[in-house]
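Structure at a glance
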Amino acid sequence: MSQVGDATARALLRRLAVEQAECRVPSLTAAIVRDGRPAWFGGRGRVDGASPTPATQYRIGSITKSMVAVVVMRLRDEGALRLSDTLEDHLPGTPLGHLTIAQLLSHTAGLTAEPPTDWWERTPGIPAAALIERLGPDELKHRPGRRFHYSNLGFALLGELVARSRGTTWLKALQAEVLDPLGMNDTTARPRAPHATGYAVHPYADVVLPEPEHDAEAMGPAGQLWSTPHDLGRWAAFVGGDTGDVLSPDTVAEMREPVGVDDGDAWTGGFGLGLQLARVAGRRLAGHSGSMPGFLATVWADPADGVGVLFMANTTTGMRGTLLPDLLDILQQYEPRLPAEWQPAEADPDLLALTGLWHWGPKPYTLRLLPERGLALEPVGGSGRASRFVPRPDGTWLGLDGYYAGETLRVAADHLDLNTFIFTRTPYDPAAPVPGGVAGWHA
């Protein structure tokens, strides 16, 4: 199945082998997808006496959350709900009904991390109705919207919202709407052979302890699923934008936008709508990590490079956080992508006439043409507000990003009107309709 060269495959396998040996992982798999197709797989250790394969199941823990989030976004895209709706609108009767769906998806609702039950990852679950009966004001730890605070309980509530909205279980809805259409046929709620057994590895001796496995019931949407390297590779491609008919690529791109971050403008980790985010060595990655007793897994997609990477392991703890970035670095070092060939394109003469220098007051900007009649407005020298725009049927342009995201650009022969800001060909052109008037330049 390898699409990488022999030298690349050897370097990737060695990095995986070092992780398995030095971190004492009973078995460890990793895979890379490129342009939506499997590019490399590696496995080390033993599962029932044999090397793990792309078909070996591991528990994926909280990666389940990102899949449940996709069903919620499908409901949004169908018009069945809005992200600004409250929980009470769709799951009435809880003491947490004022929280919004967007806050639950992004872990900004302020909810406690764990449910008011016994250690849910290691004990049999309880039904959703019983869980909801236990909820009270103590489950709210922070003012909603104040900060990012990871909450397994929040996704249990989203799973029940999905169940009531679809008139079935969250799992059946996920199977029918996400897993089956993506061909993820080996992603299941309980293990099937061949699967790895979850182990805890003793910190001071080379011995292992089997970890329990059970049906988490109400907490299932927070971490129930098992999957394989093959299926999780398809999921990596989905997160990167190869969405099939499950969601539009624009919706998945919206899920990848940061809602909460850990360290402000220079964030290195954060959360979107059901997706974890990371900035590593210039890459913007989206995906999710997962851990359950006896298992660790992580999947990342780099949409800009069309690549996804994942690992799955049957150990409770002990792995380093550098494995997947290292695999991406090896791929980049050994087989860097070639840039797409530049080719001339057709351009509307009227749009071509708009290109070049414009001024926001005295500050110069350049306007460039993008594919499919798009526009890019960028400050000269790089300091200032830059945005891209796409055309609308009414002849205006819609801002895609930056300060002007969602704002309207209107074009006239002698000026640009960008949400009341007037850009002119020369600084404060007296012939253009500049608000406040132009008295003229003087010493």
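The text that follows walks through the structure, step by step, so that each part is easy to find.

Rules and cut-offs
- Residues numbered from 1 in each chain as written.
- Predicted model: local features only at pLDDT ≥ 70, side-chain atom pairs only at ≥ 80, totals over all residues.
- Heavy atoms only, no water.
- Helix = DSSP H or I, 4+ residues; strand = E, 2+ residues; numbered from the N terminus.
- Buried < 20%, exposed > 50% of the residue type's maximum accessible area, 1.4 Å probe, protein only.
- Contact = heavy atoms within 4.5 Å.
- Areas by Shrake-Rupley, 256 points an atom, 1.4 Å probe, with all protein chains shown as cover.
- Lys, Arg positive; Asp, Glu negative; His and termini not counted.
- Charge placed at Lys NZ, Arg CZ, Asp CG, Glu CD.
- Axes fitted to C-alpha atoms, helices over the stretch in contact; angles between N-to-C directions.
- Parallel < 35°, antiparallel > 145°, perpendicular 65-115°, else oblique.
- Nonpolar A, V, L, I, M, F, W, Y, C, P; charged D, E, K, R; others polar.
- Patch = residues over 30% accessible without salt bridge, like charges linked within 9 Å, V, L, I, M, F, W, Y side chains within 5 Å.
- Salt bridge = Lys/Arg side-chain N within 4 Å of Asp/Glu carboxyl O.
- Pairing = 2+ DSSP bridges.

Broken down by element type, the protein chain carries 11 helices and 20 strands. Dimensions of the protein chain, computed from C-alpha atoms along their principal axes, come out at roughly 85 × 60 × 40 Å. Here the protein chain, with 443 residues, has 48% of them falling under the buried criterion. Relative to all contacts within the protein chain whose residues are 6 or more apart in sequence, the contacts with residues 24 or more apart total 58%. Here the protein chain displays about 20600 Å² of accessible surface, and carbon together with sulfur accounts for 53% of that area. Each charge class in the protein chain can be summarised by its mean position, and for the 39 positive and 51 negative side chains these summaries are 4 Å apart.

The next thing to look at is the packing of helix H6 (residues 152-166) against helix H7 (residues 170-179). When two helices pack together, their arrangement is given by the angle between the helix axes and by the axis-to-axis distance. At a minimum axis distance of 8 Å, the contact between H6 and H7 shows a crossing angle of 75°. Relative to H7, the element H6 lies roughly perpendicular. For the pair formed by H6 and H7, the contact residues are Gly-159, Val-162, Ala-163 and Arg-166 on the first element and Trp-170, Ala-173 and Glu-177 on the second. Considered class by class, the residues forming the contact of H6 with H7 number 4 nonpolar, 1 polar and 2 charged.

Another aspect to go through is a nonpolar patch on the surface. Taken together, Tyr-428, Val-438 and Trp-441 make up a surface patch of nonpolar side chains, about 330 Å² in accessible area. Residue placement: Tyr-428 occurs in the segment after strand E20 (421-424). By relative accessible area, which is 37% here, Tyr-428 ends up partly exposed.

Burial analysis of helix H8 (residues 229-239) places 10 of its 11 residues in the buried class, the great majority of the element. Of all the positions in H8, only Pro-229, Asp-231, Leu-232, Gly-233, Arg-234, Trp-235, Ala-236, Ala-237, Phe-238 and Val-239 are classed as buried. At the C-terminal side of H8, Gly-241 shows a positive phi close to 125°.

Another aspect to go through is the pattern of salt bridges. All told, the structure shown has 22 salt bridges when counted by the stated rule. Where Arg-122 meets Glu-211, a salt bridge forms, and the shortest distance between an N and an O atom there is 2.2 Å. Pair noted here: Arg-122 is in the loop between helix H4 (101-105) and helix H5 (128-134) and Glu-211 is in the loop between strand E5 (208-210) and strand E6 (226-227), with a separation of 89 residues, a long-range link. Its relative accessible area of 15% is what places Glu-211 among the buried residues.

To continue, consider the sheet that holds strand E8 (residues 269-271). Across the sheet, which stays open at both edges, the 8 strands sit in the order E2-E1-E12-E11-E10-E9-E8-E7 with antiparallel pairing between neighbours. The open sheet has two free edges, formed respectively by strand E2 (37-45) and strand E7 (260-261), since each of these has just one partner strand. Relative to E8, E7 is paired through 2 bridges, and the arrangement is antiparallel. If you follow Gly-260 over to E8, its bridge partner there is Phe-271.

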